[in-house]
Amino acid sequence: MGERSARPSAWSRAHVAALAAALEGLDGALVTVERWGATLAAGLAGTGRLLVAGNGGSAALAEHLAAELVGRFFRDRRGLDAQALTTDGSIVTAVANDFGARDVFARQVQAHAHAGDVVLFLSTSGSSPNLLVAAEAARDLGVTTWAMTGPAPNALATLCDAAVCIDAGAATVQEVQQLLVHVLARAVDEASIVGEAV
C-alpha cells in the first residue's frame, strides 16, 4: 500500500494561524518589553531584584525567566537577582494552608519586595485572585509592577504600572508570552553590555 500524504489537521493549522496573527501585531509589545529590559538591567546592576509570579503554564514561564537571569540567556555575565514566587513548595503550601491560595504570592511580595524592585505578573486571563492580591501588596509597598496578560481590559493590567496585553486565546497568549520572556531576557543582556561599556 502506498503511503498517504501526511497533512496537518485543520485545528492545528488554525492554531498556527492564530499565533501568526498575534505575532503580526507585536511591535508595540516588543518596544515595551525592550524598555522593561533596560530598566531591569539598571536595577539589577545595583540592589534591585525581579520577582515573577504566575499560575499553571504562566508559573513555568515565571520560572523560565528567573532561570535565564540567574543563569544566562544571550551571553555570560554575573548572575542577576531574579526569583520566581512559585518554586518554594514549603512556602507556597504553608501560605495556602494557613491563609488561603489567594495569598500565596502576596505574602512573598510582602516578605521579599523592597523599593527599587520589580514584580512581574504573567497571566492569560488577567483576573487570577492571587495575582491581583499580590499586585495590590506590591503597590502598597511602592514597588514597580508589570504584567503580561491576555486581552485588555483586565483587572491585573489595570492594577499594574505597565502591561503588555495580548489579544488572543489562552494558548496563544502563553506562546507569545514565551517569546516576550526571551525578548526581556535578551533586552536585559543587551542593556548590561551597554552599561559595562560605559
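It should be emphasised that the depicted structure is a prediction, and the values quoted were computed from it without experimental measurement.

## Here's the deal with the overall build of the chain
Move 1: The number of helices and strands found in the chain is eight helices and five strands.
Move 2: Ordered by position from N to C terminus, the α and β elements of the chain give α-α-β-α-β-α-α-β-α-β-α-β-α.
Move 3: At 18 Å, the chain has a C-alpha radius of gyration in line with the 16 Å of a compact globule built from 198 residues.
Move 4: Out of the 198 residues belonging to the chain, those deemed buried represent 42%.
Move 5: For the chain, the proportion of contacts with a sequence separation of at least 24, taken over those separated by at least 6, is 71%.
Move 6: Each charge sign in the chain was given a centre, from 13 positive and 20 negative side chains, and these centres are 4 Å apart.

## Notes on the nonpolar core
Move 1: Leu50, Leu65, Leu69 and Leu120 are the most contacted members of the largest nonpolar core, which has 33 residues in total.
Move 2: Elements supplying a minimum of two residues to this core: α2 (27-44), β1 (50-54), α3 (57-70), β2 (82-84), β3 (118-122), β4 (144-149) and α8 (170-197).
Move 3: Sorting elements by how many residues they give to this core places α8 first, with eight residues.
Move 4: Discounting chain neighbours no more than four positions away, the residues touching Leu50 are Leu40, Leu44, Leu65, Leu69, Asp81, Ala82, Gln83, Val118 and Leu120.
Move 5: Core analysis: the next-biggest nonpolar cluster, separate from the first, contains 23 residues, Leu51, Leu85, Leu131 and Leu159 among them.

## Thoughts on the packing of aromatic side chains
Move 1: Per the counting criterion, the structure on display carries one aromatic pair.
Move 2: Considering the side-chain rings of Trp36 and Trp146, the 4.7 Å spacing of their centres and the 5° angle between planes classify their relative orientation as stacked. Of this pair, Trp36 sits in helix α2 while Trp146 sits in strand β4; the two residues are 110 residues apart in sequence, bridging distant segments of the chain.
Move 3: On the basis of relative accessibility, which here comes to 4%, the residue Trp36 falls in the buried class.

What counts as what
Residues numbered from 1 in each chain as written. Predicted model: local features only at pLDDT ≥ 70, side-chain atom pairs only at ≥ 80, totals over all residues. Heavy atoms only, no water. Helix = DSSP H or I, 4+ residues; strand = E, 2+ residues; numbered from the N terminus. Rg over C-alpha atoms; globule rule 2.2 N^0.38 Å. Buried < 20%, exposed > 50% of the residue type's maximum accessible area, 1.4 Å probe, protein only. Contact = heavy atoms within 4.5 Å. Lys, Arg positive; Asp, Glu negative; His and termini not counted. Charge placed at Lys NZ, Arg CZ, Asp CG, Glu CD. Core = buried A, V, L, I, M, F, W, Y, C linked by side-chain atoms within 4.5 Å. Phe/Tyr/Trp six-rings, centres within 6.5 Å; stacked < 30°, edge-to-face > 60°.

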